[in-house]
Amino acid sequence: MGSRSDWPTMEHAAATLDRLHLAYEARVVSAHRTPDRLYDYAKTARARGFKAIIAGAGGAAHLPGMVAALTPVPVLGVPVESRALKGEDSLLSIVQMPGGVPVATFAIGKAGAINAALFAAAMLATDDAEMASRLDAYRDAQTAGVPETPSDD
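Attention here is on the structure that accompanies the text. (Residues numbered from 1 in each chain as written. Predicted model: local features only at pLDDT ≥ 70, side-chain atom pairs only at ≥ 80, totals over all residues. Heavy atoms only, no water.)

**Re the overall build of the protein**
Thought 1: For the protein, the helix and strand inventory stands at six helices and three strands.
Thought 2: In sequence order, the protein lays out its α and β elements as α-α-β-α-β-α-β-α-α.
Thought 3: On C-alpha atoms alone, the protein measures out to a radius of gyration of 16 Å, which is about the 15 Å that the 2.2 N^0.38 rule sets for 153 residues.
Thought 4: Overall, the protein is about 55 × 40 × 30 Å in size when its C-alpha atoms are taken along their principal axes.
Thought 5: Per-residue burial over the protein gives 38% buried out of 153 residues.
Thought 6: In the protein, once contacts between residues fewer than 6 apart in sequence are set aside, the share between residues at least 24 apart is 59%.
Thought 7: Accessible area of the protein: about 9,000 Å², with a carbon and sulfur share of 53%.
Thought 8: The protein carries 14 positive and 17 negative side-chain charges, and their two centres are separated by 10 Å. (Helix = DSSP H or I, 4+ residues; strand = E, 2+ residues; numbered from the N terminus. Rg over C-alpha atoms; globule rule 2.2 N^0.38 Å. Buried < 20%, exposed > 50% of the residue type's maximum accessible area, 1.4 Å probe, protein only. Contact = heavy atoms within 4.5 Å. Areas by Shrake-Rupley, 256 points an atom, 1.4 Å probe, with all protein chains shown as cover. Lys, Arg positive; Asp, Glu negative; His and termini not counted. Charge placed at Lys NZ, Arg CZ, Asp CG, Glu CD.)

**Considerations on the pairing of strand β1 (residues 53-58)**
Thought 1: One ladder, built from six bridges, connects β1 with strand β2 (residues 75-80); its direction is parallel. Paired with Ala-57 across the two strands is Pro-79, which belongs to β2.
Thought 2: Handedness of the crossover is the feature at issue here: the chain leaves β1, passes through helix α3 (residues 63-70), returns alongside β2, and the resulting connection is right-handed. (Pairing = 2+ DSSP bridges. Right-handed = clockwise from strand over helix to strand, strands pointing away.)

By themselves these figures say nothing about function.
Here it is in C-alpha cells:
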C-alpha cells in the first residue's frame, strides 16, 4: 500500500487471503515518498516468486501503475477512498493506465480489496488444485450464507 493510512482498506484483502490460506506480505511502499523502495520492491518481485501484486493507493494513486511499469508480475489495483473526492480520484488514477502498462482495477475501498484478493486467488487456482478447492469452498460458503427471505420470520 502507498501509506499506513491505506491499511483499513487493504486489511480486507489480507483477511481474505488469510481465509484462503494464501501467503502474502503487506508492505508500505509509496510511489512519492519512497521511490527507491518502490523500485527495489517492484524490480525484485518476480525473482522473489510473486505471482501477483495487490497495490492499494489513494489520492493520486500512482503506486499500482508505477509497480506495473517496473515488473511483469500482474498488478491488481485497489483504489483507496480519499477525503477530497471519496476515492474517485484514486479510481481514475489507477484505471486510466496507458496501453502497454496494464493494471487490473477494482472497486473503491473494502469491496475492491476483497475482490482483488479473490481475483489473485482465482489466477493462482488455474494451475493449483488446492487453491482451486479453497476458492470453491469460499464461494460455496458465500452462497450458503445468503438467506432466501429478507427476515428470519
